[in-house]
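# Coordinate analysis (summary)
Each chain is listed here by its residues.
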Amino acid sequence: MTYYRDMYLQRRVEIMCDEIYKKKEVRGFCHLMDGQEAVSVGVEAGITKEDHIITAYRCHGIALGRGVSVYKLMSEMMGRSTGISKGKGGSMHMTLRKNKYYGGNGIVGAHVPVGTGVAFGIKYEKKKEVCVIMYGDGAANQGQVFEAANMAMLWKLPAVYICENNGFAMGTSCERSTANTKYYTKLTPVPGFKSTGMCVFAVREAMKFARDWCLQGKGPICLEVDTYRYHGHSMSDAGTTYRTREEVTKIRKERDPIEAVKHIVLSNKVASESELKDIEKEIRQHVEEETNKARESPWPDPEKDLMTNVMATQSSKDFIRGVEYEQSHFPKSSC
């Protein structure tokens with residue numbers, strides 16, 4: 001039931017993000033992950049809160065799973081100072097360091113070396129933890145991904161590379177963009193395997209296996225999950241020029257991850273149809289209330305907030321260099 005609740009929450013949040021974006025309450029880019037809930041929930045179910053996660057910009061579900069509240073997520077979406085990144089990151093840059101979640105990263109593939117560095121830190125400090133590094137099939141051809149995996153293999157780092165294969169690199173199908181579409185083999189000699197990404201239980205068990213592999217000191221491992229996104233690549237992409245509406249409808253009807261869990265719950269009499277409807281109603285109301293609360297939250301203060309968080313630590317002696325020295329920003333006090 002927990003999986004059903006978590007997946008349904010993520011789906012409703014993405015539907016709400018779609019709504020507020022279309023109302024122009026969200027600025028910048030927005031990449032929704034509805035359809036991929038079994039991956040985000042399944043990965044979290046297969047690890048512990050002591051483990052680390054870093055992902056790309058289709059990150060809302062992972063953020064919720066790591067403990068980001070609906071209120072803080074929606075506040076960030078709308079650029080409010082109460083957002084998880086203080087309104088400065090938006091849809092693509094949501095982080096929660098205290099919960100070992102490092103984003104939400106906007107540059108394709110660039111977070112993979114960062115996650116590999118986290119795995120290096122884990123090994124250096126001799127901790128029994130792993131770093132889960134999630135990237136899409138579109139990032140799988142990036143040179144930095146191979147460089148990072150090479151170092152992870154040399155140093156036997158506890159890194160779990162997860163390729164979320166949703167079939168399209170932006171608007172280009174895997175078959176047109178990638179010579180080797182067996183993504184779990186692309187990091188060779190890093191061992192890999194493949195799982196469906198539309199069943200939360202399959203993803204959970206695959207994740208448990210990958211985590212155990214790393215904790216045994218065998219080094220990194222690659223997991224490819226076969227999934228599907230219902231929205232286009234981003235909100236600026238209708239998602240119908242490179243695939244048909246019939247294809248999306250067919251996936252929704254035959255492979256939807258939430259419907260799959262719902263079928264298991266009902267067929268095993270874990271809950272009744274009315275009980276599930278009550279849960280859905282409760283979640284819809286919660287997302288609506290938190291969104292309204294975020295909508296009423298304050299904007300960042302240009303005077304106080306614009307130049308903060310530029311440096312890790314900042315004193316009155318520090319300044320932020322402008323194009324010309326005379327245009328530099330000299331804080332009046334520490335931030």
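Since this is a predicted model, take the numbers as computed values, not measurements.

## Observations regarding the packing of aromatic side chains
- Considering all chains together, one arrives at eight aromatic pairs under this definition.
- Ring centres of Y3 and F201 lie 5.6 Å apart, and the angle between their planes is 65 degrees; this geometry places the pair in the edge-to-face category. With a gap of 198 residues between them, Y3 in helix α1 (residues 2-22) and F201 in helix α8 (residues 200-215) connect regions that are remote in the sequence.
- F201 gets classed as partly exposed once you look at its relative accessible area, which sits at 27%.
- Taken together, the ring pairs connect F120, Y124 and W155 into an aromatic cluster.
- We note R80 situated over the ring of W299; from NZ or CZ to the ring centre the distance is 3.8 Å.

## Focus on the pairing of strand β3 (residues 159-165)
- The element β3 is extensively covered by neighbouring structure, given that seven of its seven residues are classed as buried.
- Taking every second residue as pointing to the same face, both faces of β3 are buried, with A159, Y161, C163 and N165 on one and V160, I162 and E164 on the other.
- Handedness of the strand β2 (residues 131-136)-helix α6 (residues 143-155)-β3 crossover: right-handed.
- Where β3 and strand β7 (residues 221-226) come together, six bridges link them in parallel fashion. From the neighbouring strand, E164 faces β7, where its bridge partner is V225.

## Some words on unusual backbone geometry
- In this chain, T188 is followed by P189 through a cis amide linkage whose omega measures 15 degrees.
- Mapped onto the fold, P189 is located in the loop between α7 (174-177) and β6 (192-196).
- Even without being glycine, K100 reaches a positive phi, approximately 60 degrees.
- Positionally, K100 belongs in the loop between α4 (70-77) and α5 (111-124).
- According to the relative accessible area criterion, K100 is buried, its value standing at 16%.
- The phi torsion at K156 lies on the positive side, around 55 degrees, for a residue other than glycine.
- Residue placement: K156 occurs in the loop between α6 and β3.

## What about the sheet that holds β3?
- Sheet architecture is open: five strands sit in the order β1-β2-β3-β7-β6, paired in parallel fashion. One side of each edge strand has no neighbouring strand; the edge strands of this open sheet are β1 (52-54) and β6. In this sheet, adjacent strand axes meet at a mean angle of 20 degrees when their direction is disregarded.
- Relative to β7, β6 runs parallel, the two being bridged by five bridges. If you follow T196 over to β7, its bridge partner there is D226.

## A few points about the pattern of salt bridges
- In total, this model carries 17 salt bridges according to the counting rule given.
- For E50, the salt bridge identified is with K100, shortest N-O distance 3.2 Å. Taken together, the residues E50 in the loop between α2 (37-45) and β1 and K100 in the loop between α4 and α5 connect sequence positions 50 residues apart.
- Residue E50 is classed as partly exposed on the basis of its relative accessible area, which comes to 45%.
- Measuring nitrogen to oxygen at the nearest pair gives 3.2 Å for the salt bridge that ties K262 to E273. In this pair, K262 sits in helix α10 (residues 257-267) while E273 sits in helix α11 (residues 273-295), placing the two residues eleven residues apart along the sequence.
- Take K262: its relative accessible area is 14%, and that puts it in the buried class.
- Here the salt bridges do not stand alone but share partners, grouping R11, E37 and D256 into one network.

Definitions and limits used
Residues numbered from 1 in each chain as written. Predicted model: local features only at pLDDT ≥ 70, side-chain atom pairs only at ≥ 80, totals over all residues. Heavy atoms only, no water. Phe/Tyr/Trp six-rings, centres within 6.5 Å; stacked < 30°, edge-to-face > 60°. Helix = DSSP H or I, 4+ residues; strand = E, 2+ residues; numbered from the N terminus. Buried < 20%, exposed > 50% of the residue type's maximum accessible area, 1.4 Å probe, protein only. Lys NZ or Arg CZ within 6 Å of the ring centre and 35° of its normal. Right-handed = clockwise from strand over helix to strand, strands pointing away. Pairing = 2+ DSSP bridges. Axes fitted to C-alpha atoms, helices over the stretch in contact; angles between N-to-C directions. Salt bridge = Lys/Arg side-chain N within 4 Å of Asp/Glu carboxyl O.

None of this, on its own, says anything about what the molecule does.
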